[in-house]
Amino acid sequence: MAFAGRRDVPEPPDFGILKRLARDQLIYLLEQLPGKKDLFIEADLMSPLDRIANVSILKQHEVDKLYKVESRPVISASDQFCFLVRPRIKTMRYIADIVNADKMSGRSRKYKIIFSPQKFYACEMVLEEEGVFGDVTCDEWSFYLLPLDEDIISMELPEFFRDYFLEGDHRWINSVARALQLLNSLYGPFGKAYGIGRCAKMSYELWRDLEEESEADGQGRKPEIGNVFLMDRVALVADTDYVTALCSQVVYEGLVDDTFRIKCGSVDFGPDVTSSDKSIKVLLNAQDKVFSQIRNEHFSSVFGFLSQKSRNLQAQYDRRRGMDIKQMKNFVSQELKGLKQEHRLLSLHIGACESIMKKKTKQDFQEMIKAEHSLLEGFDIRESTSFIEEHIDRQVSPIESLRLMCLLSITENGLIPKDYRSLKTQYLQSYGPEHLLTFHNLKRIGLLTEQSAGETLTAVESKVSKLVTDRAAGKITDAFNSLARKSNFRAISKKLGLIPRVDGEYDLKMPRDMAYVFSGAYVPLSCKIIEQVLERRGWLGLEEVVRLLNGNEFSVSDSAVEDNPAWDSQRVILAVFLGGCTFSEIAALRFLGKERGCKFIFLTTAITNSARMMEAMIEAKA
């Protein structure tokens, strides 16, 4: 990597072609069913579809009415039904019920199922079992990649995390491999590939197999992306990189996501933000001149920037006063529209900041951040545990309580049995016994576990405990338990310097490293690994870290691709996050890119945060 002294960051490739390809294929598939038709769309495909083909485009291709796939019975006079769905067994049963109901009533229609991004054998089996396989035609819409911004591409597969890491279901690996194949064919060939984690390795190997089968010839073509780095959300670890996703986000884009939920690159700002009785849907990307300047900033710096921006904007408006007619005409035709748009966006982001401040003040956000930092640093664990207990007892939020318990568990390499039982009991009493299944899931995936103390230590501990008071015995138990284990998180943190040592205050306005995304308390593990591997051009010198991360690392150079350091593509890195990526990680790597003169492109199975991760584990939806 040409890192040293480079400050000119290369431009990202144009990912607009991915949208055009997806739109053209969808139109082609709709035209396979000529004539007027009703289109049934699965709920979680609606937002991605809106970014690819809006209603007017669908209407141009003879889509008459649009329906959401849901449990209610269908009342339609159309002779043709087209279903745009994810490959899910539940959805197949829904379609089969519609077809069978039509058969019972003697109604004749044509049915077409379009699976996105691909169809699975299990779906065809369900259709066959329900006796409708011969009545429907099936197709695939290979919609693997949705560009959310100039440097973010999402597969919009939030279920990937639960399916693979909890259920052990490998079906989406093929979709990841095909997504990589598509990117490689359009913007490659990629010269170097790095990765870590079992899921990452499987995806890479399947992608290479697909490349060999397709016999695509990329030789002689100048690539636009030179390097690719694949990373598991989990396999980064004996569960350690859950920490990054579990910490409260404090960069502006992360806070907007935590507070309002960014969905498919856009957010719904309610009346509390718009200062009116209406909600507004806002697209958050680099085209938003205000947002693009504050998205990666620590929240403490955002208000200052917005107030300065407001003064600058007012000064530009005030220029009108001394203008003659010709200057005024130019101002109105060339500048006024842009200023009004900027003013509208500015007021929205100021409203969003005020709303975030109100909500976070109500939630004791500063106390929560303090507790998180103590857990990360390994100090005041008792006080942090008490804070979590109070959080549960006050029934602040089932999601937040779970998140804090998981953060405690991971940083301490499991809860001591006494604390595990106590916290679990309190949680079930506060939020309901139906969450027993949730605790089972969290244990299975390694998010919330119980330590098993060493037998020898337990024997010594019990003898010592008899000689002291109950209170002192509790402290001795904690001490023996900490001796009985060696925390992976602590070892990795120390090895990679994830917890910065700072004299005095950490400067959040002029940050010096990626830790600013967590107020200077923690460098995201995923980002630190990417930094280290790219600096070393491989895993050499990181053997101990790899061992702590459970291995499955790889580093491969394609000898067929010319390695020309002068090419900008050598400084464009595709960072692939399997299981989800947070806006904090994106902000950290954007910071690293500016520092090192390289450009990171993010490909993720979905944008995630702590709430989404917890919701994926909850059986009883709280």
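Residues numbered from 1 in each chain as written. Predicted model: local features only at pLDDT ≥ 70, side-chain atom pairs only at ≥ 80, totals over all residues. Heavy atoms only, no water.

### A word on the overall build of the protein
Link 1 in the chain: If you tally the helices and strands in the protein, you get 26 helices and 14 strands.
Link 2 in the chain: Buried positions account for 55% of the 622 residues belonging to the protein.
Link 3 in the chain: Counting only contacts in the protein whose residues sit at least 6 apart along the sequence, the fraction spanning at least 24 positions is 78%. (Helix = DSSP H or I, 4+ residues; strand = E, 2+ residues; numbered from the N terminus. Buried < 20%, exposed > 50% of the residue type's maximum accessible area, 1.4 Å probe, protein only. Contact = heavy atoms within 4.5 Å.)

### Here we look at the layout of surface pockets
Link 1 in the chain: Taken as a whole, the largest pocket spans an internal volume of roughly 930 Å³.
Link 2 in the chain: Residue lining of the largest pocket: 37 residues in total, with Leu-157, Pro-158, Glu-159, Ala-606 and Arg-612 positioned closest to the centre.
Link 3 in the chain: Breaking the lining of the largest pocket down by element, the ones donating at least two residues are helix 2 (43-52), helix 6 (159-166) and helix 26 (610-617). (1 Å grid on protein atoms, 1.4 Å probe; cavity = no way out; pocket = protein on both sides within 12 Å on 5 of 7 lines; lining within 4 Å. Points joined across faces, edges and corners; volume = space filled by probe spheres on them.)

### What to know about helix 23 (residues 525-536)
Since the α-helix turns once every 3.6 residues, residues separated by three or four places project in the same direction.
Link 1 in the chain: In this model, helix 23 (12 residues) spans 17 Å end to end at C-alpha, consistent with the 16 Å of a helix rising 1.5 Å per residue.
Link 2 in the chain: For helix 23, the tally of buried residues reaches 10 of 12 residues, placing the bulk of the element in the interior.
Link 3 in the chain: After helix 23 finishes, the residue Arg-537 shows a positive phi value of roughly 60°. (Expected span 1.5 Å × (residues − 1).)

### Comments concerning the sheet that holds strand 14 (residues 599-604)
Link 1 in the chain: Here we have seven strands laid out as an open sheet, ordered 6-7-14-13-9-8-12, and mixed in their pairing. At either end of the open sheet lies a strand with only one pairing partner, and these are strand 6 (146-147) and strand 12 (554-557).
Link 2 in the chain: Pairing analysis gives three bridges linking strand 7 (residues 152-154) to strand 14, with the strands arranged parallel. Residue Ile-153 lies in a different strand from strand 14, and its bridge partner there is Leu-603.
Link 3 in the chain: Of the strands in this sheet, strand 8 (192-196), strand 9 (227-232), strand 12 and strand 13 (572-578) touch helix 8 (residues 198-214), which is tilted by about 135° from strand 9.
Link 4 in the chain: The strands that helix 25 (residues 583-596) touches are strand 7, strand 13 and strand 14; relative to strand 14, the one it contacts most, it runs at about 160°. (Pairing = 2+ DSSP bridges. Axes fitted to C-alpha atoms, helices over the stretch in contact; angles between N-to-C directions.)

### Considerations on the packing of aromatic side chains
Link 1 in the chain: Within the structure shown, the criterion is met by 26 aromatic pairs.
Link 2 in the chain: Plain terms: the ring middles of Phe-40 and Tyr-67 are 4.9 Å apart, the flat faces sit at 15° to each other, and that makes the pair stacked. With Phe-40 in strand 1 (residues 37-41) and Tyr-67 in strand 2 (residues 63-68), the pair connects residues that are 27 residues apart, well separated along the chain.
Link 3 in the chain: On the numbers, 6.2 Å between centres and 55° between planes, the contact of Tyr-252 with Phe-291 is tilted. Taken as a pair, Tyr-252 in helix 10 (residues 252-260) and Phe-291 in helix 12 (residues 291-294) lie far apart in primary sequence, 39 residues in all. Taken individually, Tyr-252 and Phe-291 each receive the classification buried, so the pair is uniform in this respect. (Phe/Tyr/Trp six-rings, centres within 6.5 Å; stacked < 30°, edge-to-face > 60°.)

### Observations regarding the packing of helix 17 (residues 398-411) against helix 26
Packed helices, taken two at a time, are described by the angle between their axes plus the distance between the axes.
Link 1 in the chain: Two numbers describe how helix 17 lies on helix 26: the axes approach to 10 Å, and their chain directions differ by 95°. In this view, helix 17 runs roughly perpendicular relative to helix 26, as classed from their interaxial angle. Where helix 17 approaches helix 26, its residues Ile-399, Leu-402, Arg-403 and Cys-406 are matched on the opposing element by Ser-610, Ala-611, Met-614 and Glu-615.
Link 2 in the chain: Of the residues contributing to the contact of helix 17 with helix 26, the split by class is five nonpolar, one polar and two charged. (Parallel < 35°, antiparallel > 145°, perpendicular 65-115°, else oblique. Nonpolar A, V, L, I, M, F, W, Y, C, P; charged D, E, K, R; others polar.)

### Quick look at unusual backbone geometry
Link 1 in the chain: Here Ser-116 and Pro-117 are connected by a cis peptide whose omega angle stands at 5°.
Link 2 in the chain: The phi dihedral of Glu-62 falls on the positive side, at around 65°, and the residue is not glycine.
Link 3 in the chain: Relative to the elements of secondary structure, Glu-62 occurs in the loop between helix 3 (55-60) and strand 2.

### Description of a negative patch on the surface
Link 1 in the chain: Taken together, the side chains of Glu-205, Asp-209, Glu-212 and Glu-213 define an acidic patch exposed on the protein surface.
Link 2 in the chain: Within the secondary structure layout, Glu-212 lies in helix 8. (Patch = residues over 30% accessible without salt bridge, like charges linked within 9 Å, V, L, I, M, F, W, Y side chains within 5 Å. Areas by Shrake-Rupley, 256 points an atom, 1.4 Å probe, with all protein chains shown as cover. Salt bridge = Lys/Arg side-chain N within 4 Å of Asp/Glu carboxyl O. Lys, Arg positive; Asp, Glu negative; His and termini not counted. Charge placed at Lys NZ, Arg CZ, Asp CG, Glu CD.)

### Describing the sheet that holds strand 5 (residues 136-140)
Link 1 in the chain: Strand order across the open sheet formed by five strands is 2-1-3-4-5, with parallel pairing between neighbours. Since the sheet does not close on itself, it has two edges, and those belong to strand 2 and strand 5, each with one partner. Each neighbouring strand pair of the sheet contributes to a mean axis angle of 20°, computed without reference to strand direction.
Link 2 in the chain: Relative to the sheet, helix 2 contacts strand 1, strand 2 and strand 3 (80-85), its axis offset from that of strand 1 by approximately 110°.

### Structural notes on the state of the cysteines
Link 1 in the chain: Applying the stated criterion across every chain yields a total of zero disulfides.
Link 2 in the chain: Not engaged in a disulfide, the cysteine Cys-527 finds its nearest cysteine sulfur in Cys-581; these two sulfurs lie 7.5 Å apart.
Link 3 in the chain: For Cys-527, a relative accessible area of 0% puts it in the buried group. (Disulfide = S-S within 2.5 Å.)

### Some thoughts on the confidence of the model for the protein
Link 1 in the chain: With 86% of its residues at a pLDDT of at least 70, the protein reaches an overall mean of 86.
Link 2 in the chain: Here helix 20 (residues 455-466) stands out as the least confident element of the protein, with mean pLDDT 45; strand 7 is the most confident, with 97.
Link 3 in the chain: In the predicted structure, residues 455-462 sits below a pLDDT of 50 and forms seven contacts with residues beyond four places in sequence or in another chain.
Link 4 in the chain: Scored below 50 in pLDDT, residues 477-486 shows 18 contacts in the model against residues more than four places distant or in partner chains. (pLDDT = per-residue confidence, 0-100.)

### Looking at the pattern of salt bridges
Link 1 in the chain: Taken as a whole and judged by the stated rule, the model has 34 salt bridges.
Link 2 in the chain: Among the ionic pairs, Glu-531 bridges to Arg-596, the shortest N-O distance being 3.0 Å. Of the two residues, Glu-531 sits in helix 23 while Arg-596 sits in helix 25, which places them 65 residues apart along the sequence. There is no split in this pair, since Glu-531 and Arg-596 are both buried.
Link 3 in the chain: Note that Glu-535 and Arg-596 form a salt bridge whose closest N and O atoms lie 2.5 Å from each other. Placement of Glu-535 in helix 23 and of Arg-596 in helix 25 is noted, with a sequence separation of 61 residues between them.
Link 4 in the chain: One salt-bridge network, held together by shared partners, links Asp-149, Asp-151, Glu-253, Arg-295 and Arg-590.

### Observations concerning the nonpolar core
Link 1 in the chain: Of all hydrophobic cores here, the largest spans 194 residues; its most connected members are Phe-83, Trp-141, Leu-183, Tyr-252, Leu-447 and Leu-574.
Link 2 in the chain: The element best represented in this core is helix 17, accounting for eight residues.
Link 3 in the chain: Ignoring sequence-local partners within four residues, the contact set of Leu-447 consists of Tyr-242, Leu-246, Cys-406, Ser-409, Ile-410, Leu-442, Met-613, Met-614 and Met-617. (Core = buried A, V, L, I, M, F, W, Y, C linked by side-chain atoms within 4.5 Å.)

### What to know about the pairing of strand 3
In summary, the side chains of a regular strand alternate between the two faces of the sheet.
Link 1 in the chain: For strand 3, the buried fraction is high: six of the six residues fall into the buried class.
Link 2 in the chain: Residues Gln-80, Cys-82 and Leu-84 line one face of strand 3 and the alternating positions Phe-81, Phe-83 and Val-85 line the opposite face, and both faces are buried.
Link 3 in the chain: Relative to strand 3, strand 1 runs parallel, the two being bridged by four bridges. Pairing of Asp-38 across the sheet is with Phe-81, part of strand 3.
Link 4 in the chain: Each parallel crossover has a hand, and for strand 3 linked through helix 4 (residues 89-105) to strand 4 (residues 110-115) it is right-handed. (Right-handed = clockwise from strand over helix to strand, strands pointing away.)

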